[in-house]
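Coordinates in review
Listed below are the residues making up each chain.
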Amino acid sequence: MEKQQKSKLCCRVVLFPQPYTGHITPMLNLGNALHSKGFSITVIHTHFNSPNPVEFPNFNFHFIEDVLSKAKTPSSGSLDTITILNKSCLESFRNCLSQILEHASKDREPVACLISDPLWEFAGVVADQLNLPRLALRTGGLLASILYESLPLLQEKGYFPLQDTRKEEPVLEVPPLKVKDLPPEIHHDVLLGMVKETKRNCQGIICNTFKELEGSILDRVRGNFLATPIFLTGPLHKISPTSTSSIVTQEQSSITWLNKQAPNSVLYVSFGTLAAISKEQFLEVAWGLAKSQQPFLWATRPRLINGSEKNEELFPKEFIEIVNQRGHIVSWVPQQQVLAHPAIGGFWTHCGWNSTIESICEGVPMICLPFFGDQKMNARHISDVLKVGLQLEKQLERQEIESVIRRLMVEKEGQEMRERVNALKEKAKCCLMKGESSYESLDQLISHILSFCGAEMVRSRNNQTIP
Ligand SMILES: O=c1ccn([C@@H]2O[C@H](COP(=O)(O)OP(=O)(O)O[C@H]3O[C@H](CO)[C@@H](O)[C@H](O)[C@H]3O)[C@@H](O)[C@H]2O)c(=O)[nH]1
């Protein structure tokens, strides 16, 4: 008890994540990191897709009304759905935040700032109205964030709508992206609004990445786009790891199965929480895995195939017979634990940023199959800049899948990528140590937040040393 009081800063931070796993998890990990440094944490969340507060005893949860929790069909997480969420949550968010501020003043625990997902386009306006500083947590990589920052310029230069004839053209000076690496929905109003709002009132951008991974990109473009202070504090899931930060029930059978496999022999396959494929593509993936003759662990979550809850019914009998003991198929796995398992030798991923950084942190090379949003940009970065993965360039097709899997899992090329990604794994570990880049960046972020509520005084009065 005494220890707890000593490390308390008498200062609260309010977090407001977008309600999708790939966005909630890094925000809660950031919450854990800030809590471990003495901040009290409040999370404002939609009823839709909410984490179970019981599993996060360090946080204080407030739930707001939204349209999706009442919708009959599951949400796709598309930018159009985010527009709907933005329209439906404004009032309930404003009321909720103003009540939190009222209580905080009574409790004599000032709220230092709001940290919101920048896809909540009204968060900055509400924070302004309530006189509260706002920071944004970018849950994607820095390369994608910088590309988003340059959207108004790209719009001015007439890049949109994207044209196939220009697909090989480089995009501004942002390395290494070409027009073909941008998703067709890149100039969606939600993204343009996000950039406008970040420029207008955001007092800091926090990125789930680290200097040794993407810092060079920042150095090249800093003056051009980013006037706002930027904190590279990742990998967030490694700062204050917690067994409770999982949003979905996880199957442990995958770990028992992996325990029986040889080191570096298994290809782990998962396309994240939102991407969907057709039944035909699903079967090409299955047959590509079968033909590669490599052991695999496949997380086929519900609704991976458009509209279908049950994937396993689609597997042909011959496929089941051929893969037999060599393949293990489940709907969901504890991914970080899986990637850290010595049996895993490769990850076939959709290149969501969390999967990308989790794979790098465990030294696992990748096969890239991007679907939408930032994923194509992440894939280009993984394959062409970091050189720790291979891209599936054609339509999903079993021969190409077989060949790419063998290149990664069996051939020298894959071994070289494994060595490169292992070097990055060491850098990811190192950057969180005292005096190193992400540790220092988190420290700077804490001072930045404390400066909003005059809590430097609170800190010195309590004779605290942070961190
Ligand atoms: O069986 C599984 C599958 C996934 N995960 C976890 O789910 C998260 C998935 O996140 P991510 O890889 O980022 O994919 P998405 O859920 O698709 O993430 C969305 O959010 C990301 C962050 O903004 C974007 O980079 C993506 O493009 C966007 O689709 C990761 O933490 C995984 O560890 C599991 O634990 N078990």
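Presented here is an overview of the structure given in this document.

About the cut-offs
- Residues numbered from 1 in each chain as written.
- Predicted model: local features only at pLDDT ≥ 70, side-chain atom pairs only at ≥ 80, totals over all residues.
- Heavy atoms only, no water.
- Phe/Tyr/Trp six-rings, centres within 6.5 Å; stacked < 30°, edge-to-face > 60°.
- Helix = DSSP H or I, 4+ residues; strand = E, 2+ residues; numbered from the N terminus.
- Buried < 20%, exposed > 50% of the residue type's maximum accessible area, 1.4 Å probe, protein only.
- Near = heavy atom within 4 Å.
- Polar contact = N/O pair within 3.5 Å; in protein donor to acceptor, adjacent residues only side chain to side chain.
- Areas by Shrake-Rupley, 256 points an atom, 1.4 Å probe, with all protein chains shown as cover.
- Domains from an automatic or database assignment.
- Salt bridge = Lys/Arg side-chain N within 4 Å of Asp/Glu carboxyl O.

1. Here's the deal with the packing of aromatic side chains
Inspection of every chain in the model, using the stated rule, returns 18 aromatic pairs. For the pair F93 and F122, a centre-to-centre distance of 5.5 Å together with 50 degrees between the ring planes defines the contact as tilted. Pair noted here: F93 is in helix α3 (residues 79–107) and F122 is in the loop between β4 (111–116) and α4 (123–129), with a separation of 29 residues, a long-range link. For the residue pair F93 and F122, the accessibility class agrees, reading buried in each case. A ring pair is formed by F271 and F371, whose centres lie 5.8 Å apart and whose planes are at 55 degrees; its orientation type is tilted. Of this pair, F271 sits in the loop between β8 (266–270) and α11 (279–292) while F371 sits in the loop between β12 (366–368) and α15 (375–385), and the two are 100 residues apart along the sequence.

2. Re the site of the ligand
Around the ligand sit 23 residues in total, of which T273, V333, S355, E358 and D374 are the nearest. T139 places a polar side-chain atom, nitrogen or oxygen, 2.7 Å from an oxygen atom of the ligand. A distance of 2.9 Å separates an oxygen atom of the ligand from a polar side-chain atom of Q375. Its free accessible area being 690 Å², the ligand has 95% of it covered by the protein chains. Residue assignment for the shell around the ligand shows that the elements contributing at least two residues are α2 (21–36), β8 and α14 (353–361). Among the elements that take part in the shell around the ligand, α14 stands out by supplying 4 residues, more than any other. Taken together, domain 1 (12–239 + 432–459) and domain 2 (252–428) each give at least three residues to the shell around the ligand, which thus spans both.

3. Some details on the pattern of salt bridges
Taken as a whole, this structure holds 18 salt bridges when the rule is applied. The closest approach of N and O atoms between E321 and K317, which form a salt bridge, is 3.9 Å. On the criterion of helical spacing, the pair formed by E321 and K317 is a turn pair, its members being 4 residues apart in helix α12 (residues 317–323). Classification of E321 as exposed rests on a relative accessible area of 53%. You can call K317 exposed: its relative accessible area is 63%. Taking the shortest distance from any N to any O, the salt bridge between E416 and K412 comes out at 3.3 Å. Of this pair, E416 and K412 are both found in helix α17 (residues 412–430), 4 residues apart, which corresponds to roughly one turn of the helix. K412 sits in the exposed class, given a relative accessible area of 63%. Sharing partners across several salt bridges, the network here consists of D128, E197 and R200.

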